[in-house]
Every structure is written in C-alpha cells, then in structure tokens.
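Each chain, letter by letter, is given below.
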Amino acid sequence: MTLCLFQGFGIELEYMVVDRGSLAVRPIVDELLRHFAGSYSGDHDDGPISWSNELALHVVELKTNGPAPSLRSVATDFQRSLLRLDEALAPMGARLCPGGMHPTMDPQREFQKWPHDYAEVYGAYDRIFDCRGHGWSNLQSCHLNLPFANDDEFGRLHLAARALLPLLPALAASSPYCEGRFTGWLDWRLQTYRHNQKRVPRIAGKVVPEPVTTRADYFTHVLEPIWADIAPFDPDRLLREEWLNSRGVVPKFFRDALEIRVLDVQEHPAADLAICSLVTAVLRAMCTERWASLPALAALSTDELAGVLWAVAQDGDQAIVAHGGLLQALGLGTQPRTAADCWRRLADAVLPDADLDPVVEQPLRTILRRGPLARRLLTSVGLTPDRAALDRMCLQLADCLHAGVSFGG
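In this report, we go over the structure that sits alongside the text. As the structure is a prediction and not an experimental result, all values here were calculated from the model.

## A few points about the overall build of the protein
Broken down by element type, the protein carries 17 helices and 12 strands. Over its C-alpha atoms the protein spans a radius of gyration of 20 Å, differing by no more than 12% from the 22 Å that the globule rule assigns to 409 residues. Considering only C-alpha atoms, the protein reaches an extent of 55 × 50 × 40 Å along its principal axes. Within the span of the protein, comprising 409 residues, buried residues form 60% of the whole. If you take every contact in the protein between residues at least 6 apart in sequence, the share linking residues at least 24 apart comes to 75%. Counting every atom, the protein has about 15200 Å² of accessible surface; 48% of that belongs to carbon and sulfur.

## What to know about the pairing of strand S4 (residues 59–64)
Counting buried residues along S4, 5 of its 6 residues qualify, which places the element largely inside the surrounding structure. Where strand S1 (residues 10–19) and S4 come together, 5 bridges link them in antiparallel fashion. Looking at S4, one finds that Tyr15 is bridged to Val60. In textbook terms, the turn of a hairpin is the stretch between consecutive antiparallel strands, and for strand S3 (residues 49–53) and S4 this stretch comprises 5 residues.

## A look at the environment of Ala124
Mapped onto the elements of the fold, Ala124 is located in helix H4 (residues 119–129). The buried category is assigned to Ala124, whose relative accessible area is 3%. For the pair Ala124 and Phe233, spaced 109 residues apart in sequence, the C-alpha separation works out to 8.8 Å. Not counting residues up to four positions away in its chain, the partners in contact with Ala124 are Leu238 and Leu239.

## So, the side chain of Asp126
Positionally, Asp126 belongs in helix H4. Here the side chain of Asp126 touches Lys113 through a polar contact of 3.2 Å, side chain to side chain. For Asp126, the contacting residues outside a window of four places in its chain are Lys113, Cys131 and Arg132.

## With respect to the packing of aromatic side chains
Counted according to the given criterion, the structure contains 14 aromatic pairs. Seen in terms of ring centroids, Tyr125 and Phe129 are 6.2 Å apart; in terms of plane orientation they differ by 35 degrees. Their pairing is tilted. In this pair, Tyr125 and Phe129 both sit in helix H4, 4 residues apart, roughly one turn of the helix. Considering the side-chain rings of Tyr177 and Phe182, the 6.2 Å spacing of their centres and the 65 degrees angle between planes classify their relative orientation as edge-to-face. On the basis of relative accessibility, which here comes to 2%, the residue Tyr177 falls in the buried class.

## Concerning the pairing of strand S5 (residues 94–97)
Neither face of S5 is exposed, since Ala94 and Leu96 on one face and Arg95 and Cys97 on the opposite face are all buried. The pairing of S1 with S5 spans 4 bridges and is classified as antiparallel. What sits directly across from Val17, in S5, is Leu96.

## With respect to the pattern of salt bridges
Taken as a whole and assessed by the stated rule, the structure comprises 26 salt bridges. We note a salt bridge from Arg255 to Glu259, for which the minimum N-O separation is 3.3 Å. On the basis of relative accessible area, Arg255 is assigned to the partly exposed category, the value being 39%. Among the salt bridges present, the one from Arg337 reaches Asp341, with a minimum N-O distance of 2.6 Å. You'll find Arg337 and Asp341 in the same group, each marked buried. If you follow the salt bridges from partner to partner, you end up with Glu12, Lys252, Arg255, Glu259 and Arg261 in one network.

What counts, and where the lines are drawn
Residues numbered from 1 in each chain as written. Predicted model: local features only at pLDDT ≥ 70, side-chain atom pairs only at ≥ 80, totals over all residues. Heavy atoms only, no water. Helix = DSSP H or I, 4+ residues; strand = E, 2+ residues; numbered from the N terminus. Rg over C-alpha atoms; globule rule 2.2 N^0.38 Å. Buried < 20%, exposed > 50% of the residue type's maximum accessible area, 1.4 Å probe, protein only. Contact = heavy atoms within 4.5 Å. Areas by Shrake-Rupley, 256 points an atom, 1.4 Å probe, with all protein chains shown as cover. Pairing = 2+ DSSP bridges. Polar contact = N/O pair within 3.5 Å; in protein donor to acceptor, adjacent residues only side chain to side chain. Phe/Tyr/Trp six-rings, centres within 6.5 Å; stacked < 30°, edge-to-face > 60°. Salt bridge = Lys/Arg side-chain N within 4 Å of Asp/Glu carboxyl O.

As structure tokens, then:
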C-alpha cells in the first residue's frame with residue numbers, strides 16, 4: 001500500500017550490549033537473538049517491534065515492525081520490547097545501554113563484526129574501510145523514516161529535511177565522550193561518521209544532501225556517481241545498493257521512504273520519540289511551505305548548511321545559528337540566535353497542533369529546558385572525568401533505559 005506524507009512512521013533505535021559488572025561492550029547479540037529465534041537469525045519479530053543485528057556484534061537494533069500509523073504508543077511499544085531483551089541478557093551477565101557512543105570502548109581491541117547472514121556485505125565494508133574505527137563499530141543512532149507517494153511529495157520532504165538537518169544535534173547529541181575523554185564535541189558520533197568512508201568520500205558527501213527533488217535526478221546526480229566511485233573497490237557489486245548512500249538524510253526508493261540518520265540514540269525510547277515527534281511536526285509545516293517556498297528551501301547552499309551542522313554538532317544547544325536564509329526558512333527572522341532558542345520557538349509554533357503522545361511530553365520538556373543528553377552528561381561528570389566517573393555514568397544510562405526515565409530530568 002502506498003503511503004502519502006506523514007501517513008506512516010518508521011523508527012529504528014540501536015543499543016549496545018554491555019557487561020553488567022564492567023560495563024564493557026559484549027559481542028553476544030547473535031546469542032541474544034538465537035535465544036528467541038532458535039537460530040543465528042539476524043531478525044526476530046516481537047509484536048509491533050522487531051529486532052535485528054547490526055555490523056558490530058555488540059549492537060542490537062529495535063525498530064517498528066513496518067510503518068506505524070502514528071507516533072502515539074510507539075515509545076511504550078519500544079520500552080516493553082527492550083525490557084524483554086534486558087531480561088534475556090541478565091542471565092548472560094549483560095544488559096542494554098543507550099547513548100550515541102560507548103565512552104570508553106577501544107574498537108581496535110573490542111570490535112567484532114556480525115559473522116552470520118549478510119556477513120559477506122559486512123566483510124566488504126571491512127575490507128574497503130576497516131570497520132574497527134569508532135565511526136563503524138561504536139555508534140548508536142535513531143533513524144526516523146517518513147513515507148512519500150510520488151516525486152512531488154519526495155521533493156517537499158527532502159528539501160524540508162535537508163534544511164532542518166543542521167539543527168538536529170541540538171536536540172539529539174548524546175556522544176560527548178570517546179576513549180575515556182571529553183572530545184570537545186557534544187555529538188562526536190557525527191564527527192566520526194562523516195569520516196568513516198573517507199576512502200570513497202562521495203558516499204557521505206557533505207552529510208547534508210544536495211537539493212534534489214525527483215527520483216530520476218537522485219539516481220543521476222547522487223546514486224550513480226556513488227556506485228561509480230565504489231566500483232573499483234567492489235568488483236562483486238555487493239555494495240551497489242541504495243543503502244550504500246550515507247548522507248544524513250537518504251531516500252530509500254525501494255520502500256518510498258526518507259530516512260533521517262543524524263539523531264544520536266537517547267537514554268530511553270520516550271526521549272527518542274519526543275525528538276521524532278517535534279521534528280515531524282516541524283517538517284509537516286515546512287512541507288506545506290508555512291514559512292518558506294520550496295524554491296527558497298532549494299536555494300539554501302549545501303556547503304553553508306553543512307557549516308551550520310558541524311557547528312551545532314560541536315556545541316549543541318549553545319551553538320549560535322547565524323545563517324539568515326536558514327532562519328528565515330524556519331520562520332525565525334534573521335537575527336542570530338542559539339540553537340536551543342531556535343528549537344524552543346519552533347516547538348511553540350508547531351506543538352499546539354501536534355497530537356503528542358503524553359509519554360513524550362516530559363522528555364521533550366527536559367530537552368528543551370536543559371539541553372540534549374550530551375549537555376546533561378557534561379553537567380553530571382564534567383570535562384575531565386576519570387574512568388570511574390564514566391562507568392557510573394554508563395550505569396546511570398543503563399538504569400534510565402531500563403526504567404524509561406530521563407537522565408537529569
């Protein structure tokens with residue numbers, strides 16, 4: 001069945017499996033899934049939520065089992081499902097832990113890739129890019145998938161999403177620590193993500209996508225050049241697929257959906273759904289040209305939007321947004337303002353008409369008032385934490401995930 005704009009929602013959440021005592025990553029997701037599926041399958045259905053593996057053997061993905069008709073109740077479905085996983089992990093001496101990156105993982109020593117189905121594709125990635133880096137093996141994200149029915153809807157949604165993309169880390173950054181230190185970035189996951197395929201730089205491009213508005217043009221100007229660049233490294237054409245494209249917003253034409261990929265995973269599903277609900281409400285307004293026409297959105301420079309993205313990825317809610325064209329496109333005037341102020345004003349503009357799930361209201365208030373999870377983590381353990389402080393932080397995050405409560409809320 002063809003879904004039109006905002007008639008369905010797909011959410012994907014990634015979590016790391018860690019040891020209950022040491023909090024180090026545990027590469028046992030194949031055993032976890034075998035516990036339920038009876039075989040080393042990469043997928044298992046759990047009612048409205050399904051589980052699957054990722055490239056790293058310590059990461060499990062939970063996702064809506066097909067498009068959900070609305071975002072209401074989705075957070076509750078995720079919470080119930082992850083508790084089933086946590087209960088199964090307990091006898092293994094492990095548990096789930098959220099956050100955009102593990103703050104003390106050493107991927108050179110600890111990374112193991114998924115060895116079962118789909119292993120040849122993961123092997124190709126590893127051979128070409130060396131997946132031991134943080135940008136491959138130590139990152140957990142939330143993906144928001146939104147449908148489109150035709151080129152008109154794709155063009156509207158793609159232009160809106162690429163314009164809003166640079167502000168998203170101000171809501172979702174949750175990865176300030178890496179290898180036991182503060183990185184100087186609130187969203188270090190994105191900083192590593194942008195470089196993890198530098199051998200073939202066209203795959204991620206500038207992360208902010210080009211202003212392409214039709215399927216044919218997307219294949220011509222984005223996908224075909226990517227496939228041409230990877231071809232010398234991929235003689236078996238294993239990677240000649242739409243999913244090779246690693247921009248921060250990517251169309252999946254095989255299922256007629258747009259996937260937003262730059263959101264760090266939060267401390268519990270209601271926080272992820274709070275962000276997705278606000279982002280969706282703003283995108284609805286932008287698709288109807290509430291503040292700016294489609295030509296005005298298309299005219300926004302990819303390079304300039306990318307500059308805003310990296311400023312916001314580094315400084316999060318406190319980043320100064322001074323791009324007049326972007327601010328005007330969001331109905332925010334032209335005067336520079338913090339990213340936090342941008343989101344509070346956008347929330348005031350769109351939430352009165354949004355049908356928010358009550359479960360997400362408190363997490364959203366926490367984010368808008370106290371900043372993204374990364375800001376609250378910094379407030380908790382500081383700029384120069386020792387290993388014990390980071391371990392306590394991980395334990396708190398795992399407890400937040402299990403209890404379904406906000407960190408520092």
